[in-house]
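Topology and contacts: notes
Each chain, written out:
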Amino acid sequence: MKYLVRHRSVLAFTVGVGISCLMMGSAAGALLDGVMGGVEKSLAKRAEEKGEPLIIGNFYQAERPDSHGPIGVMGDHTHNKGEFMFSYRYMRMFMDGNRDGTHNVSASNVLSAYVVTPLQMTTQMHMFGWMYGLNDTVTLTAMVPYVMKSMDHRNRAGVKFTTNSSGFGDMKLGALWRLYAFETPSIGSHRFHLNSGVSLPTGDINPRDNTPLGNNTLLPYPMRLGSGTVDLLPGLTYTGLLNDVTWGFQALGTIRLGENQQGYREGHRYQINSWGAYRWAKWVSTSVRFHWQQWGNIKGRDGQLQTTVGPNQLVPTADPDLRGGRRLDVLGGVNILFPEWMGLENHVSVEAGLPIYQNLDGPQLKQSYSFWASWQIVM
Amino acid sequence: MRNVSVVAGFCCLGLLFVCASQGNAYEIQPVNQGGGIQGQVFFAGTPPAPLVVEVDKGPEVCGKERQLVKVETQNGWLSGAVILVEGIQTGKPFPVQAFSGKLPGEGEFRYQGGERLGLQVKTKGCNFGPFTGVVAVEDPVIFENQDSIKHTLHTFASMDSKGIMLRTIHNQDLHPMDSMARTFEVDKLRGSRVVRITCNRHDFMQNWLYVVDHPYFAISDQDGRFAIHQIPPGRYTVLAWHPILGEQRQDVHIASGGQVTLEFRFSRAQSE
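Of the residues lining the interface, 24 residues belong to chain A; the matching set on chain B comes to 22 residues. Roughly 2,000 Å² of surface becomes buried between chain A and chain B when both sides are summed, with 43% attributable to carbon and sulfur atoms. At the junction of chain A with chain B, the criterion picks out two salt bridges. Counting the contacts that link chain A with chain B gives eight residue pairs in polar contact (both at pLDDT 80 or more). Only helix H3 (37-50) and strand E1 (54-56) of chain A provide two or more residues apiece to the side of chain A that touches chain B. If you tally residues by element for the side of chain A that touches chain B, the top one is E1(A), at three residues.

Residue and element names in this part refer to chain B. Sheet architecture is open: five strands sit in the order E9-E10-E11-E13-E16, paired in mixed fashion. Edge positions in the open sheet fall to strand E9 (97-100) and strand E16 (179-182), since each of these has one partner strand only. Between one strand axis and the next, the sheet turns by 15° as a mean value, whatever way the strands run. In terms of strand pairing, strand E13 (residues 141-145) meets E16 through four bridges, oriented antiparallel. Its bridge partner being in E16, Val141 is matched across the sheet by Arg182.

Moving on, we come to unusual backbone geometry. Here the bond from A:Gly362 into A:Pro363 is cis, since omega is 15°, no more than 30 degrees from zero. Positionally, A:Pro363 belongs in strand E21 (residues 344-378). Even without being a glycine, B:Cys126 presents a positive backbone phi close to 60°. Looking at the secondary structure, you find B:Cys126 in the loop between strand E11 (119-123) and strand E12 (132-136). The exposure class assigned to B:Cys126 is buried, which follows from its relative accessible area of 1%. The backbone phi angle of B:Glu138 is positive, close to 65°, even though this residue is not glycine. Its place among the elements puts B:Glu138 in the loop between E12 and E13. B:Glu138 sits in the partly exposed class, given a relative accessible area of 43%.

A few words on H3(A). The end-to-end C-alpha distance of H3(A), which contains 14 residues, comes to 20 Å, matching closely the 20 Å that a straight helix rising 1.5 Å per residue would cover. Listed as buried for H3(A) are A:Glu40, A:Leu43, A:Ala44 and A:Ala47. Projected down its long axis, H3(A) shows its buried positions confined to an angular sector of 105°, all on one face. Facing away from the buried side of H3(A), by more than 90 degrees, are the exposed residues A:Gly38, A:Lys41, A:Lys45 and A:Glu49. Buried residues along H3(A) sit in contact with E1 and strand E7 (171-184) of chain A together with strand E15 (165-174) of chain B. Two residues or fewer past H3(A), A:Gly51 is found with a positive phi of approximately 70°.

Basis of the calculations
Sequence positions are assigned chain by chain, starting from 1 and proceeding in written order. The lettering of chains begins at A and the numbering of ligands begins at 1, in the order of writing. With the structure being a predicted model, the display of local features is reserved for residues of pLDDT at least 70 and the display and counting of side-chain atom pairs for 80 or more, all residues being used for whole-chain, interface and lining totals. By convention in this description, side-chain values take in all heavy atoms of the structure and omit both hydrogens and water. Contacts are residue-level and defined by heavy atoms, with any inter-residue pair within 4.5 Å sufficient. Once two parts are joined, some of their accessible surface, as seen by a 1.4 Å probe, is lost; buried area is that loss totalled over both. The rule for a salt bridge is simple: a side-chain nitrogen of Lys or Arg has to be within 4 Å of a carboxyl oxygen of Asp or Glu. Definition of a polar contact: a pair of N or O atoms within 3.5 Å, with one able to donate and the other able to accept a hydrogen when the atoms are protein atoms, and with sequence-neighbouring residues admitted only if both atoms are side-chain atoms. The helix and strand labels rest on DSSP assignments: H or I over at least four residues marks a helix, E over at least two residues marks a strand, and numbering proceeds from the N terminus. Strands are treated as partners if at least two bridges between them are detected by DSSP. Every axis corresponds to a line fitted to the C-alpha atoms, with the helix fit spanning only the stretch in contact, and the corresponding angles, defined between N-to-C directions, vary from 0 to 180 degrees. Exposure categories follow from relative accessible area, calculated using a 1.4 Å probe and restricted to protein chains: below 20% of the type maximum is buried, above 50% is exposed, and the middle band is partly exposed. One fewer than the residue count of a helix, multiplied by 1.5 Å, yields its expected span. What the arc measures is the spread of directions leading from the helix axis to the C-beta atoms.

See below:
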């Protein structure tokens, strides 16, 4: 309760968004319908010259494998009024070895400055998501992740040990707002929507495990299951479709508000996704995606976290100034649409990728690969 | 003082809007010595070939292949043309009428009549009903799916009479054996006089509706015939509209108890 009082502005924002969503119930479709007169005239003229129809405001997701973006992209599509989608996503991310800037750093180099070095880290997430078309404008979203983290370490004495943390992560609630859509047979379909959301601090930021320092030791920042802060999740998504080709662009932000109960705030995160997909048959499409991420260092510090052993620094993962970075991943994916069963539309998708550029405020563990698999049911 | 003027200005504007909106409302009143219009609609030339569509979703209900006949003629007479007497603001109640869709399928447009148009769209056998019909602004339309498969209703306002520029109004699943009411609101139609209905899952399910605000309309039958009764005496413009062939207008004078015969002639050239 104290926390909620502390974040009155967030509460007000969330309630405001909620009320806006409900008020949009009787509104016209996309938010920018009717204010794009000039664009529409120009499009209509071009369409008329070609003798083809121009359709404004169609956000319908045809039942095709690439009607949903690559599975690692969240909030890539909207739903029609009354339509409901349940999704289960599995994500596995593996980090191996350390990096400082754009250069790899060996374990022995890290150990020259720290008592302990991280060697590898595996993060797995089971994400349960819901999407619901509230009306012709707003699609509501919710996502609850279950997170499992495991990190291998080695200390100066050569002793290897592993720490683990697991539990529910930060729950995300959001609304996707249809902005504008237009299509003609020759230029295809072009759709824009706004992403908005809030991440609630439901993930544990006080995980503990046994280490050589002692039993039930507080684990450092990367092992925590949530940010501990209320985070805003603004964004903008554009998707296009022409015959068997689809493409998309999405810019997303994670804006942390205030600081958490442990006295720190994770860095803001900015992401850009751009992808293209080709439909090979009615039931299968493949995709290529570029994913740029940039995230900042931690502001403040967790006063309860041990950072030194005598005069020596303990481990880089406990240093709030060694958390930031930038990374560009390239990912390949496959989307499969199964035949409709009991009126349900089933999508199964996988995606995997590697970083092609990593610039980390290190030493920090560098990403090796990520893998996504998902099952989505639209009803 | 300045604020008072601003408030007064807004009040006046509000009143103007109220008056303007009330001015357009149709009022049911007894018609004395009403006249009538009857006639036929003719089509010259060869109608466009039916669109043949291979059924992808639910062929067990819709059939494996379907045709969409956009211009339906018989011996040169055009059926499905909407005939409308324009500009009538008072007169008879809305009649009870029903029009069936072209086979296969048993889709139907049923107009409940009375004080409002009361359109009910029955979908059966992957058929929304006849290719053309009418719809009234702000009058709820009941869409009823009697099929055992889902249809995805997609309605558009056409910014022109032939559907060159379309704007989505509703886009929603119509579940098996379910029904829903949807209204074509003024702010969504934005002055459009033509509405298109499609099913996103079945391309051959397409219908066109002309927006009316009174009951003085008719739809030409298989012999191209139409008749409109109980028209208050006066001078009017009569519209004949077909979504593929376009529109034509003729001026008429309806005398007390008089009958006027009209003939509309469409040709392929008008559709191109």
